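# Structure at a glance
Each chain is listed here by its residues.
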Amino acid sequence: MAPADAMRMPAGRREELTAAWVGGALDAPVRAVEVLDAHSGTTGRVRLGVTYDGDAPGRPASVFVKLAPFDERQRRFVDAVGLGVAEARFYRDVAARTPVRIPHVWHAAVVEDRYVMVLEDLVASGARFPTPRDPDLVDYVTRLVDELAALHARFWSSPEFDGGPLGFIGEGLRLAYGGGGPFIAQALDQFADQLPAAFRAVGDLDGARTPEVAALFDVEPRTLAHGDPHLGNLFADGDRPGFFDWGMVQHRAGMWDLAYVLCQSVPTETRRAHERAWLDRYRAQLATHGVTLDAATQWDQYRLFATYAWASATSTAGVGERWQRAEVGQGGMARATAAVEDLDVVAFLQARLT
């Protein structure tokens, strides 16, 4: 833990991020801090410029702080679901053991339902943030497949999930799949006339049999999955993909992550052209780490978890601007709908729900 000053965790107010507090978190003499940017969603997020009182070798000129949301209603929701606590515990207890590029962790603390993270400022580090329109997207996703295989292989079927140090990853309401509930219903009402019939079909089936669909998701073998790796939660450090926003970290089959990013974030024609090659590459990369996944199991899991990719994207679109800009949410929904149609997900689910 950091010095005592850093133990007084902010309760969702930027004013609490004082020079003394930041100095405690960084274990360095800080003279002043400046808010460079601040916004609030599933967490409060503040970029701080840092001025030191004397030399502070190795310490950053700016940091990215995550803490409780600034809005009280949003804070109650996040507290109930457990996103912030899970992410802080990941950065505090697990991050150093992951083989993938993540923001450097300067400080992460959790006390009961309160949490704070002081992380690398990726903007200041020169990170690039990918979009579906990038001309090098195929190369980026290919490298991302390699990184996901390395992450998943590291924790593949680990006994540490069973009451060990990774046990918290499989706990909490953030993992409860509710089929999107009213948010998907809103999306169906708004967009069904604009999208293929598969949109309504998968929405109606998932909505009518949500608990049974959720039970299908509990497949083996499991590992540590990022849980929410759409392009908006990824970055590039040079050519290397990196991962942030770990609030949805999960104990799932690794194909959860791969289906999520391919079905939701990759443009449809690009996914169609490279989908099988990416799946084959993932299996081959797992094998280099000593992990075997047979092709038939992989394909079944890919089709299954396309359902979750669709539900997540469609829920986001259904709430309008609350979670993402409308064009971002609707773009993910359209791509995921094309994926569930191509993969004949409705028939797949019906066969397993009989």
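In this text, all values refer to a predicted model and were calculated from it rather than measured experimentally.

So, how was this worked out
- Residues numbered from 1 in each chain as written.
- Predicted model: local features only at pLDDT ≥ 70, side-chain atom pairs only at ≥ 80, totals over all residues.
- Heavy atoms only, no water.
- Phe/Tyr/Trp six-rings, centres within 6.5 Å; stacked < 30°, edge-to-face > 60°.
- Helix = DSSP H or I, 4+ residues; strand = E, 2+ residues; numbered from the N terminus.
- Buried < 20%, exposed > 50% of the residue type's maximum accessible area, 1.4 Å probe, protein only.
- Core = buried A, V, L, I, M, F, W, Y, C linked by side-chain atoms within 4.5 Å.
- Contact = heavy atoms within 4.5 Å.
- Pairing = 2+ DSSP bridges.
- Axes fitted to C-alpha atoms, helices over the stretch in contact; angles between N-to-C directions.
- Parallel < 35°, antiparallel > 145°, perpendicular 65-115°, else oblique.
- Left-handed = near helix turned anticlockwise from the far one by under 90°.
- Nonpolar A, V, L, I, M, F, W, Y, C, P; charged D, E, K, R; others polar.
- Expected span 1.5 Å × (residues − 1).
- Bend = angle between axes of the 7 residues up to and from the residue.

Below, the discussion takes up the packing of aromatic side chains. One pass over the full model with this rule turns up 15 aromatic pairs. On the numbers, 5.6 Å between centres and 65° between planes, the contact of Phe199 with Trp310 is edge-to-face. Here the residue Phe199 occupies a position in helix α7 (residues 197-208), and Trp310 occupies one in helix α11 (residues 295-318), the gap between them amounting to 111 residues. Take Trp310: its relative accessible area is 0%, and that puts it in the buried class.

If you look at the biggest cluster of nonpolar residues, it comprises 94 residues, and the most contacted ones within it are Tyr91, Phe199, Leu224, Trp246, Leu262, Tyr282 and Phe305. Beyond its immediate sequence surroundings of up to four residues, Tyr282 is in contact with Val145, Leu148, Ala149, His152, Trp156, Gly254, Met255, Leu258, Leu293 and Gln298. Leu17, Ala28, Tyr52 and Ala56 belong to the second-largest nonpolar core, a separate cluster that totals 19 residues.

With that settled, the discussion passes to the sheet that holds strand β5 (residues 114-120). Within a beta sheet, neighbouring strands are joined by backbone hydrogen bonds and run either parallel or antiparallel to one another. One open sheet holds the five strands; their spatial order is β1-β2-β3-β5-β4, and the pairing between them is antiparallel. Two strands lie at the open edges of the sheet, namely β1 (30-40) and β4 (105-111), each paired on one side alone. Strand-to-strand twist across the sheet, computed as the mean angle between neighbouring axes with direction ignored, equals 20°. Here nine bridges tie β1 to strand β2 (residues 44-52), and the two strands are oriented antiparallel to one another. Following the sheet pairing, Ser40 is matched in β2 by Gly44. Here helix α2 (residues 19-26) sits on the sheet and contacts β1, β2, β3 (62-67), β4 and β5; the angle it forms with β1, its principal contact strand, is near 95°.

Right, let's get into unusual backbone geometry. Leaving glycine aside, a negative phi is the common case for residues, and trans is the common case for peptide bonds. In this structure, Pro221 follows Glu220 across a cis peptide bond, with omega equal to -5°. The residue Pro221 is located in the loop between α8 (210-216) and β6 (223-225) in this model. Backbone geometry at Ser157 places phi at a positive 50°, although glycine is not the residue there. Summarising the element assignment, Ser157 is placed in the loop between α5 (137-154) and α6 (181-191). Backbone geometry at Asp245 places phi at a positive 50°, although glycine is not the residue there. As for its position among the elements, Asp245 is in the loop between β8 (240-243) and β9 (250-252).

With that out of the way, let us pick up the environment of Ser157. The partly exposed category is assigned to Ser157, whose relative accessible area is 47%. Between the alpha carbons of Ser157 and Thr223 there is a distance of 5.6 Å; along the sequence they are 66 residues apart. Discounting residues that sit within four places of it in the chain, Ser157 has contacts with Pro221 and Arg222.

Any two packed helices are characterised by how steeply their axes cross, that is the angle between the axes, and by the distance between the axes. Packing of helix α9 (residues 255-265) against helix α10 (residues 268-288) brings their axes to within 11 Å, and their N-to-C directions diverge by 160°. Between α9 and α10, the interaxial angle falls into the category roughly antiparallel. Judged by the twist between their axes, the crossing of α9 over α10 is right-handed. Contacts between α9 and α10 involve Met255, Leu258, Leu262 and Cys263 from the former and Arg271, Trp278, Leu279 and Tyr282 from the latter. Considering only residue class, the contact of α9 with α10 consists of seven nonpolar, no polar and one charged.

Another aspect to go through is α10. When the terminal C-alpha atoms of α10 are compared, their 29 Å separation across 21 residues agrees well with the 30 Å that a helix rising 1.5 Å per residue should span. His274 marks where α10 bends most, by close to 55°. Residues Thr268, Arg271, Glu275, Trp278, Leu279, Tyr282 and Leu286 constitute the buried set of α10. Phi for Gly290, located one or two positions after α10, is positive at around 85°.

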